[in-house]
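# Per-entry structural report
What follows is each chain in one-letter form.
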Amino acid sequence: MDEPLIVVNCKTYATASGQAAETLATMMQDVETDARMVLAVSALDLGAVSRAAPELELWVQHLDPVSRGSNTGRVEPLTAIERGAKGTLTNHAERKVPLGDIDQLLAMIPANFEVCACAADTKEAKALAHLSPSMIAVEPPELIGGDISVTTADPSIVRDSVNAVSQIDDNVRVLCGAGIKNGQDVLAALDLGASGVLLASGVTKSPDIQSVLSELVSYI
Ligand code: G3P
């Protein structure tokens, strides 16, 4: 089995933006674990975070399917890659995009660039699986930012999405997210068949981020 993924999404939290994003990245880089640690940063922070934590895998939170040219305000993939991005989130509940945009993005990025498409439910996970992104993260929007982990509140959405996606494309890994806070939640996600977790506030709102990071990987 591939190593479990722990993907921390910085969103626009003050504790994970600018200088704080650099500090968070160095903390993640220093966690001793067999898990694959990933930080999804704002495109604004990509270059600086990449210099601060060169060994940490960095994704951006969003990319647009545009090439270099007349695309004011869009987040252009080649520059993100030059600035250290090894992957991207797409279609996050807080940044939905049309299915066609994801398809176009997948057609223009290098083969080894990770694209983690987010789904609100199993139905959307199935639709996304037909596009064959590298990963799909299932996150019920109503649980995002809350205190109850998706693995406790709605374990069947994780299990059903894992099964449904594997029947469509066995190469697509499934993560789960929303309310993930600790190592028990990560363990539960893995037990449900997920390849890892996508989380934000459990890390970004913690008064002791270092301890949370260590705790998250404590059962791996
Ligand atoms: O992208 C991660 C996410 O939306 C879940 O957020 O704060 O519930 O861990 P949170």
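The preceding data block contains the structure.
Remember, it's a predicted structure, so these values are computed and weren't measured experimentally.

## Things to note about the environment of Ser195
If you trace the backbone, Ser195 turns up in the loop between helix H8 (183-191) and strand E8 (196-199). Its relative accessible area of 13% is what places Ser195 among the buried residues. Considered as a pair, Ser195 and Ile136 are 59 residues apart in the sequence and their alpha carbons are 9.9 Å apart.

## Describing the sheet that holds strand E7 (residues 173-177)
Taken in spatial order, the eight strands line up as E1-E2-E3-E4-E5-E6-E7-E8 and close into a barrel, and their pairing is parallel. Direction aside, the axes of adjacent strands within the sheet are offset by 25° on average. Where strand E1 (residues 5-9) lies against E8, four bridges are found, and the strand directions are parallel. Following the sheet pairing, Leu5 is matched in E8 by Gly196. Packing against the sheet, helix H5 (residues 122-129) makes contact with strand E5 (114-119) and strand E6 (135-138), and its axis sits at approximately 150° to E5.

## A look at helix H1 (residues 19-30)
The first and last C-alpha atoms of H1 sit 17 Å apart over 12 residues, in line with the 16 Å expected at 1.5 Å per residue. For H1, the set of buried residues is Ala21, Leu24, Ala25, Met27 and Met28. Down the axis of H1, the smallest arc covering the buried residues is 160°, so these residues share one side. For H1, the exposed residues lying more than 90 degrees away from the buried face are Gln19 and Asp30. At its buried positions, H1 is contacted by E1, strand E2 (36-41), helix H2 (46-52), helix H9 (201-204) and helix H10 (209-216).

## Some thoughts on the packing of H1 against H10
Helices that pack against each other are described as a pair by the angle of their axes relative to one another and the distance between those axes. Packing of H1 against H10 leaves a shortest axis separation of 10 Å and a crossing angle of 35°. For the pair H1 and H10, the crossing hand works out as right-handed. Between H1 and H10, the contacting residues are Leu24, Met27 and Met28 on the first element and Ile209, Gln210 and Leu213 on the second. For the contact of H1 with H10, the per-class residue count stands at five nonpolar, one polar and no charged.

Calculation notes
- Residues numbered from 1 in each chain as written.
- Predicted model: local features only at pLDDT ≥ 70, side-chain atom pairs only at ≥ 80, totals over all residues.
- Heavy atoms only, no water.
- Helix = DSSP H or I, 4+ residues; strand = E, 2+ residues; numbered from the N terminus.
- Buried < 20%, exposed > 50% of the residue type's maximum accessible area, 1.4 Å probe, protein only.
- Pairing = 2+ DSSP bridges.
- Axes fitted to C-alpha atoms, helices over the stretch in contact; angles between N-to-C directions.
- Contact = heavy atoms within 4.5 Å.
- Expected span 1.5 Å × (residues − 1).
- Arc of directions from axis to C-beta.
- Left-handed = near helix turned anticlockwise from the far one by under 90°.
- Nonpolar A, V, L, I, M, F, W, Y, C, P; charged D, E, K, R; others polar.

None of the figures reported here should be taken as evidence of function without further support.
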